[in-house]
Amino acid sequence: MKQAWLFPGQGSQYGGFLESLPTHPTIQETLDEASEVLKKDIKLLATAEKLKSTKNVQITMLAAGVATARAFLNEGAKPDYLAGHSVGAFAAAVTSEVLTFEDALHLVSLRGELMESLQDEAYGMAVVVGLPESVLIDITQKFHTNEKPVYVSNRNAPQQLTLSGHKEAMQNVLDYVAGKGASSAKMLNVSTPSHCPLFLPVQDRLAKEMESITLQRPKFPLISNRNARVLRQPSRIVQDLAESIALPVRWHDATSILFENGVRQFIEMSPGDVLKKLAKNAFPEADSYSVEKNGFNDCLYLAKNEGV
Amino acid sequence: MVIIQQQRSWSTRLEGKKKRLAEVEHLVNGVTIPTEKIVDVLELLIKPGDRVVLEGNNQKQASFLSQALVKVDPERVHDLHMIMSSVSRPEHLDIFEEGIAKKIDLSFAGPQSLRIAQMIEDGRLILGDLHTYVELYGRLFIDLIPNVALVAADKADRFGNLYTGPNTEETPTIVEAAAFRDGIVIAQVNEIVDELPRVDIPGSWVDFIVEADEPYELEPLFTRDPRHITDIQILQAMMCIRGIYEKHGVQSLNHGIGFNTAAIELLLPSYGEQLGLKGKICKNWVLNPHPTLIPAIETGWVESVHCFGGELGMEKYVQARRDIFFTGKDGSLRSNRTLAQLAGQYAVDLFIGSTLQMDAYGNSSTVTKGRVAGYGGAPNMGHDPGGRRHSTEAWYNMMTSQDELARGKKLVVQVAETFQDANTPVFVERLDAIDVKKQANLAVAPVMIYAEDVTHVVTEEGIAYLYKTDSPAERREMIASIAGVTPLGMENDVKRTKSLRERGLVAMPEDLNILRGEANRSLLAAKNIDELVQWSGGLYEPPTKFKSW
């Protein structure tokens, strides 16, 4: 039985979440390493107040994912595949040793800054549950204009999709789908319209930044965000890291590819259990766990004993 | 007349085979390949560009051989043309990722449907075509004749005779295509024994046997737990029994694998009995040993069942009911996918299955956008074989013309609830299959069952008797009248439905004397797996994952 480790993206953070990480020397060391690179205590970036900044979210989510996964590796667990959602993909790339933790910290800081620089209260994201992709795309196109754009962005589950774009256009879509059978349609509390063409400038800048970074071959294959491919070449991995910010995250496809490759155990690194729940719904016959909800020791035992 | 004697050999295939066999002589013991030598042997026996049939059956998988094939050196073995009825294990596509194989012809790829779609898009795999089972087996003897066949058996003796038993499935067909055209046949076996229970495939058809490090993989694909059958499915089952099976006198049939048809199987001893239909319908089956058929067998409904394959846990039950099933002298089931598919195509009155999408004329498909899944047995059995000559009551009953040359028709029934889920209507203007055709660059859209073959559509609203009309406009009206509140269904109006009902083109439950309120789970002869075990007198041994007690 193969296992994959999943790294959550923005949205799974909560005030003080770095304090809630499992107690493990490797986790403490990793956070210390981050603090050294950042020249400030990373835990202070994870307060409810500080997490209002996208940049701080990006940095702390990266650190949490890398710290948890490194603790697993040091305890002798070994994944067959890694996959991270949005900024989680950076944590996956570090865990796979394609990027150094230090380089990744700089990259996600930049990513966060660039996202913030395009931040505009008029823009954001929303989530629609209960409509298939093709239906939501048709609806979205009705309300999309160049002045007030709206896009279907992340495909988290076949009927759990996000919108990114101008809040007025998104509100129009949300009002419309409420009458078309969506079981839930609401704005998310973010002012960064990620994973749509509005973020093409971020993509370009990140790609340029990555040109100068030294890459290693991945220790574990990764699944790409933008097209759910199994990646083993460092250049393709960083390309995906750069491009995914302006493209939809095809998370359901990414985990489907893992399942088709024989993965029957999904373990979500800290924080949260969003990806565990998605995996559980999509693949009832697989085992899905999250470190935060199932506990570090239990997950470690399952990872090392391949689910028993 | 002068006959010029050309200096050519008429046995190049045999000579080639002998050469290959000589290359591995030092690695094998007679017909036995030592388990740990399998990769070395495959590297010598398989040549670049070979056509290789790998037994990725619907159920039984030559898993040891597929794992070995991934390990061969792509420098030595490459550009293989794989022929597989079912692409279901990760390594079936790893072979392409490793550069060992290049092209594939297949029937079904459901469990690898996203990966195969990606690999086609990325140019890492060339898709020959998607086939029905019989089509693919047929081509093994025409233009896809294999150089090498890699198959799985339960047991072999030291002469290479094989016992494939309940899970014989497609093995004899594949072996025949290779063995009698000087191809090389390698069979993985779970064990090598002194004496076989019976010989399913003679050793003279087999070149090598190899003991697998673990038994071949087998999935219980046809076990449906009655706990999951809904009242709506029971209502549809009642409509099928009254409005189709009884009405047309359906005696021989194949059922799909959905819960809809499991419900029919479980209603025969209860609802069917009340209607006095025993002995009049559902006597001769082509079907895997469905556990949900046990109550109907036990109550004397079923005369015979021929099987495509086996089903995990049903071995002892089948053995103890040899009047019903095809069994060998040793007592165990003999299945045969090729012959069962042919029987299901030509020799039965009715095929019934469920679908995920249907257009307004009755074309149906189970594909999802972005996936290349191929077909199961449905398109084979779900069509009217125009060459049929023999008549049965049900077949004859489909005749709608007074023409002197008029003939009957196979009954092809599609059952569907009007919505797949809250917001996904089954009835659509345009099948997703059309998009998949473009995405995967297929020659034709992967339609599961063509409208021209569908005789009946059943929803929770009613039955459309499509065979009664040739008019596309009328077909559309008939389907709309049972399409509920889907966009197609909204085209319908009450007056028109009334007229269609009066003319017998559609029937609602009340037209069939079925009270919707009576359609509930209390009618099921068995409500869970435990009750199926009880019906079987303890002979059915369900796999652990189905046990709830």
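On a predicted model such as this, the values are computed, not experimentally measured, just so you know.

(A) Here's a closer look at the overall build of chain A. Of the regular secondary structure elements, chain A holds 12 helices and 10 strands. Taken over C-alpha atoms, the radius of gyration comes to 18 Å for chain A, in line with the 19 Å a tight globule of 308 residues would show. Principal axes of the C-alpha set define a box for chain A whose edges measure 50 × 45 × 35 Å. Counting every position in chain A, which comprises 308 residues, the buried fraction comes to 53%. Long-range pairs, those at least 24 residues apart, make up 72% of the contacts in chain A with a sequence separation of at least 6.

(B) Seen up close, the overall build of chain B. Regarding its fold elements, chain B presents 18 helices and 22 strands. Computed over C-alpha atoms, the radius of gyration of chain B comes to 25 Å, within 12% of the 24 Å expected from 2.2 N^0.38 for 549 residues, which places it in the range of a compact globule. With the principal axes as the frame, chain B shows a C-alpha extent of 80 × 60 × 50 Å. Taken over 549 residues, chain B has a buried fraction of 54%.

(C) Structural view of the packing of helix H3 (residues 88-95) of chain A against helix H4 (residues 101-117) of chain A. All names here are of chain A. Two elements in contact, H3 and H4, have axes whose closest approach is 9 Å; the angle formed by their N-to-C orientations is 165 degrees. Overall, the two elements H3 and H4 adopt an arrangement that is roughly antiparallel. Regarding H3 and H4, the two cross each other, and that crossing is right-handed. The residues of H4 that touch H3, namely those facing Phe90, Ala93 and Val94, are Phe101, Ala104, Leu107 and Val108. Residue composition of the contact of H3 with H4, grouped by class: 7 nonpolar, no polar and no charged.

(D) Quick peek at the interface of chain A and chain B. Contacts between chain A and chain B engage 14 residues on the former and 10 residues on the latter. Elements that contribute at least two residues to the side of chain A that touches chain B include exactly helix H5 (133-143) and helix H9 (251-260) of chain A. In terms of residue count, H9 of chain A provides more of the side of chain A that touches chain B than any other element does, 4 residues in total. Class assignment for the residues of the side of chain A that touches chain B results in 4 nonpolar, 7 polar and 3 charged.

(E) View of the confidence of the model for chain B. Of all residues in chain B, 99% have pLDDT values of 70 or greater, and the mean over the chain is 95. For this predicted complex, the interface score ipTM comes out at 0.92, while the overall pTM is 0.93.

(F) Quick peek at the pairing of strand E9 (residues 263-268) of chain A. All names here are of chain A. Among the 6 residues that make up E9, 5 are buried, leaving the element largely enclosed by the rest of the structure. Alignment of strand E1 (residues 2-7) against E9, held across 5 bridges, turns out to be parallel. Residue pairing for E9: Gln3 is matched across the bridge by Gln265. Judged from the 4 bridges that link them, E9 and strand E10 (residues 287-290) form a sheet pairing that is parallel. Directly across from Gln265, in E10, lies its bridge partner Asp287. Read as a crossover between parallel neighbours, the route from E9 over helix H10 (residues 274-282) to E10 is right-handed.

(G) View of unusual backbone geometry. All names here are of chain A. In this model, Ser270 is joined to Pro271 through a cis peptide bond whose omega is -5 degrees. Within the secondary structure, Pro271 is located in the loop between E9 and H10. Positive phi outside glycine occurs at Glu97, with the angle close to 70 degrees. Turning to its location among the elements, Glu97 is positioned in the loop between H3 and H4. The exposure class assigned to Glu97 is partly exposed, which follows from the 16 C-beta atoms found within 10 Å. Although it is not a glycine, His195 sits at a positive phi angle of roughly 60 degrees.

(H) Main features of the packing of helix H1 (residues 25-38) of chain A against H4 of chain A. Residue and element names in this part refer to chain A. Contact geometry for H1 and H4: axes closest at 10 Å, N-to-C directions at 60 degrees. One way to sum up the angle between H1 and H4 is to call them oblique. In this structure, H1 meets H4 at a crossing whose hand is right-handed. Side by side, H1 and H4 meet where Glu33, Ala34, Val37 and Leu38 of the first sit next to Phe101, Glu102 and Leu105 of the second.

(I) Focus on the nonpolar core. Counting 262 residues, the largest nonpolar core has Leu62, Phe90 and Ala93 of chain A together with Ala187 and Leu267 of chain B as its most contacted members. Sort the elements by how many residues they give to this core and helix H2 (residues 54-74) of chain A lands first, with 11 residues. With residues near it in sequence (within four places) discarded, Ala93 of chain A still touches Val98, Leu99, Ala104, Leu222, Ile237 and Leu241 of chain A.

(J) The arrangement of helix H2 (residues 38-45) of chain B in detail. Residue and element names in this part refer to chain B. Of all the residues in H2, the buried ones are Ile38, Val41, Leu42 and Leu45. One side of H2 carries all its buried residues, which in axial view fall inside an arc of 100 degrees. As for H2, its buried residues are in contact with helix H1 (12-23), strand E1 (32-33), helix H3 (63-70), strand E6 (148-156), strand E8 (184-192) and strand E9 (208-211).

(K) Broad picture of the environment of Met82 of chain B. Residues and elements named next belong to chain B. Inspection of the secondary structure puts Met82 in strand E3 (residues 80-86). Residue classification places Met82 among the buried residues on the basis of 28 C-beta atoms within 10 Å. Sequence separation between Met82 and Leu106 is 24 residues; the distance between their C-alpha atoms is 8.3 Å. In contact with Met82, other than residues within four places in its own chain, are Val52, Leu54, Ile95, Ala101 and Ile104.

(L) View of the sheet that holds strand E4 (residues 150-157) of chain A. Residue and element names in this part refer to chain A. Taken together, the 4 strands give an open sheet; going across it, the order is E4-E5-E3-E6, and neighbouring strands pair in antiparallel fashion. Two strands in the sheet have a free side with no partner beyond their single neighbour: E4 and strand E6 (184-187). Each strand axis lies, on average, 20 degrees off the axis of its neighbour in the sheet, ignoring direction. One ladder, built from 7 bridges, connects strand E3 (residues 123-129) with strand E5 (residues 160-166); its direction is antiparallel. Following the sheet pairing, Met125 is matched in E5 by Ser164. In the packing of H5 onto the sheet, contacts are made with E3, E4 and E5, and the angle to E4 comes to roughly 165 degrees.

(M) Structural view of the sheet that holds strand E14 (residues 357-359) of chain B. Residue and element names in this part refer to chain B. Ordered by their spatial adjacency, 3 strands build an open sheet running E15-E14-E19, and the pairing between neighbours is mixed. For this open sheet the edge positions go to strand E15 (364-365) and strand E19 (427-428), each flanked by a neighbour on one side alone. Where E14 and E15 come together, 2 bridges link them in antiparallel fashion. Each residue of the ladder has a partner; that of Met358, found in E15, is Ser364.

(N) Local environment of the environment of Leu44 of chain B. Residue and element names in this part refer to chain B. Here Leu44 shows up in helix H2. Residue Leu44 is classed as partly exposed on the basis of its 18 C-beta neighbours within 10 Å. Separated by 33 residues in sequence, Leu44 and Val77 place their C-alpha atoms 8.5 Å apart. Beyond its immediate sequence surroundings of up to four residues, Leu44 is in contact with Arg20, Glu23 and Val24.

What counts, and at which threshold
- One numbering rule holds for all chains: residues counted from 1, following each sequence as written.
- Just so you know, chain letters begin at A and ligand numbers begin at 1, following the order they were written in.
- The predicted origin of the model limits local features to residues at a pLDDT of at least 70 and limits the giving and counting of side-chain atom pairs to 80 or more, whereas totals for whole chains, interfaces and linings rest on all residues.
- Per the convention used, a helix needs a DSSP run of H or I reaching at least four residues, while a strand needs a run of E reaching at least two, with both numbered from the N terminus.
- Computation of the radius of gyration draws on C-alpha atoms, with the globule rule given as 2.2 Å multiplied by the number of residues to the power 0.38.
- The exposure scheme places C-beta atoms from the backbone and then counts, for each residue, the other C-beta atoms within 10 Å of its own, assigning buried at 20 or more, exposed at 12 or fewer, and partly exposed in between.
- By the convention adopted here, residues are in contact when the distance between their C-beta atoms, placed from the backbone, does not exceed 7 Å.
- Axes here refer to lines fitted to C-alpha atoms; in helices the fit is confined to the stretch in contact. Angles between the N-to-C directions go from 0 to 180 degrees.
- Reported orientations rely on four angle classes, namely roughly parallel under 35 degrees, roughly antiparallel over 145, roughly perpendicular from 65 to 115, and oblique for the rest.
- Helix crossings are classified by the rotation of the near helix relative to the far one: an anticlockwise turn of less than a right angle makes the crossing left-handed, while a clockwise turn makes it right-handed.
- Think of it as three bins: nonpolar holds Ala, Val, Leu, Ile, Met, Phe, Trp, Tyr, Cys and Pro, charged holds Asp, Glu, Lys and Arg, and polar takes everything else, Gly as well.
- Residue-level confidence of the predictor is summarised by pLDDT, bounded by 0 at the bottom and 100 at the top.
- One bridge is not enough; two strands pair if DSSP finds at least two bridges between them.
- Looking down the strands as they point away from you, a crossover is right-handed if its path from the first strand over the helix to the second goes clockwise.
- A set of buried Ala, Val, Leu, Ile, Met, Phe, Trp, Tyr and Cys residues, joined to one another through C-beta atoms within 7 Å, is what we call a nonpolar core.
- Directions are taken from the helix axis to each C-beta atom, and the arc is the one they span.

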